[in-house]
Amino acid sequence: MVTNDINRIIGEALKELGVKRPQVVLEHPGDLSHGDYSTNVALVYGKKLEMSPLEVARAIVAAFNKQPIAGLEKVEIAGFGFINFYLAPSFFGDSLEMIGKNGASYGANNNLKNKKVIVEYTDPNPFKEFHLGHLMSNIIGESISRVIGYSGAELHRACYQGDVGLHIAKAVYGLQHQKFDFWKVKLLGDETTRANFLGRAYSFGAKEYESNPEVKQLIIELNKEIYLRNNNSTNYYYDTGKNWSLDYFNSIYKILGTKFDHFFFESATGDFGQKIVMDSLKKDIFKQSDGAIIFPGEDFGLHTRVFINSEGLPTYEAKELGLAHIKYEDYPYDLSVVITGNEVNDYFKVVLKAMELVFPQLAEKTVHLSHGMLRLPSGKMSSRTGDVITAVSIIEDIKKMVADKIKDRDYDQATKAQVVEAVAVGAIKFSILRQAPGKDVIFDFDKSISFEGDSGPYLQYAYTRAKSILDKANKAGIEKTTKKTVEEIYVLEKLLYRFPEVVERAGKEFSPHYIVTYLLELAASFNNFYAQNKIVDANDLESGYKVALTESFSIVMKNGLYLLGIVAPDKM
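Residues numbered from 1 in each chain as written. Predicted model: local features only at pLDDT ≥ 70, side-chain atom pairs only at ≥ 80, totals over all residues. Heavy atoms only, no water.

J.: How should the pairing of strand β5 (residues 154–161) be read in this particular structure?
T.: Two faces make up the sheet, and in a regular strand the side chains alternate between them. The element β5 is largely enclosed, with a buried count of seven among its eight residues. Two strands pair when backbone bridges link them, and strand β4 (residues 116–120) and β5 are joined in this way by five bridges, in the parallel orientation. Bridge pairing in β5 places Lys116 opposite Glu154. Regarding topology, helix α5 (residues 132–150) serves as the crossover connection from β4 to the parallel β5, and that connection is right-handed. (Buried < 20%, exposed > 50% of the residue type's maximum accessible area, 1.4 Å probe, protein only. Helix = DSSP H or I, 4+ residues; strand = E, 2+ residues; numbered from the N terminus. Pairing = 2+ DSSP bridges. Right-handed = clockwise from strand over helix to strand, strands pointing away.)

Laid out in structure tokens, this is it:
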């Protein structure tokens, strides 16, 4: 690659000047007229070498004059020692050739080749709503999973769900005491009806738990029954409700484009987690305190947390230790990426410190990534009717807005439904992924579905425009070619070859927002190229190259959208 040759020659030149282990950083100038790459190494090392930056820069440029690089047209010194590199026109034609040859794999790399990676995300709890936190986790986790897969890893997706605990007992109590509705929903209800009923059952149980001391004690006993599975009637309500939840979650995953390889449950991690804590108690990793077993996090500058409560039951923390080991038994990973909301950051620091002492080899393989919250511009995350927005409700609201936006398009109902869902889900995913992970996301309903601005539909529309041009070129019999017949280099060409670099950075930093930023710039450059050029023209000798350039754009845009988990529709 040209960049490897540039780095090598700069490094060799610096070593000749006396730099022992030079670190070379290449960047793309903000102004494309200043070249395709630039470096400030002359400024960085000038002082250390007791030379002026210009002297260092001249020595580096001289090295390039001695060793010409194929695909590099010229090297220039700018300003106080910056060095700019200009790629040759032939490089861009070769780049289009490579994009066309690699197709759906263009942009992929081997940074994680032969590595087994498991990514855990979404993690909704049965018997409760699939809320916006789960939506955030799913969208971010799915995109990060795809980028990791694009980096050559053997990838498995995992979902960890809390199917035991007081919240479950409250919901089961609600099911038991609303028997008529329970049987009605069981016999006649669909996935959505059943999920809504579970929400009402939980609400009923939660209110009774707070207001009635006798019911509170019953629910506490019910919680133990669920955990021990020693009551057939309780087991029936529990199993039925759990299956309803999982069916409902699966229907959402289908819409979002996620398919998990592993489903882990707290009911399976609890016993093992408890055993781990009890065994480690003998090693003085954990301590007894007021009938409970704690991890003394304060000894490490963290919070002290309970791992086994006073009733002898494992907490989330203990279950998390069990999960790490059970994951590894199921899939011996080299890297485990866990994605959660940032509200559990402090909790997870304690878990990782405990894991470091109990399972040091697993702690080294574990990376915790967190995300912020989804908010409206008003600051309140509720719908226009005042109801709290769930994941499904926000998807349905956006679908209605998209349907209204394309209502005059001459599509059959099936095609229109596909377009509506692809655009709606893409709009939500873009809005979440455009922000660096860890920060809150401000979700604007109207801006999210714009076809003309900073949005998912804007990217999708640019792709469909390119596909339409390619169809037109095919019908006109225009043969694409990557051989340039003119010296002009389009801005679009100067962006397309950067895609692999962007993917690599997104993978190393677990940050899909780099891909979002790149695709926005790419779409803008394509739209400008389209506005200023007649692409399909049998009388234009350059038409075949413009068609090849359009095809390369469509490939890169589709690959980029795939990494974001966004569908690239053929029509909009």
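J.: Teacher, can you tell me more about the sheet that holds β4 here?
T.: In a beta sheet, neighbouring strands are held together by backbone hydrogen bonds and run either parallel or antiparallel to one another. The sheet built from five strands is open, its strands ordered β6-β5-β4-β10-β11 with parallel pairing. The open sheet terminates on both sides in strands that have one partner only, identified here as β6 (262–265) and β11 (366–371). Adjacent strand axes in the sheet meet at a mean angle of 25 degrees when their direction is disregarded. When β4 meets strand β10 (residues 335–341), the two strands line up parallel, connected through four bridges. By the bridge assignment for β10, Val117 is matched with Leu335. Contacting β4, β5, β10 and β11, α5 crosses the sheet at an angle of about 165 degrees to β5. Packing of helix α12 (residues 316–330) onto the sheet brings it into contact with β4, β5, β6 and β10, and relative to β6 it is tilted by some 150 degrees. (Axes fitted to C-alpha atoms, helices over the stretch in contact; angles between N-to-C directions. Contact = heavy atoms within 4.5 Å.)

J.: I tried to follow the pairing of strand β8 (residues 292–295) on my own but got confused; where do I start?
T.: Where burial is concerned, the two faces of β8 agree: the one with Ala292 and Ile294 and the one with Ile293 and Phe295 are both buried. Of the strand pairs in this sheet, strand β7 (residues 287–289) and β8 are connected by three bridges, and their pairing is antiparallel. Paired with Lys287 across the two strands is Ile294, which belongs to β8. Pairing of β8 with strand β9 (residues 305–308) involves three bridges; the strand directions are antiparallel. Residue pairing across strands places Ile294 opposite Val306, the latter belonging to β9.

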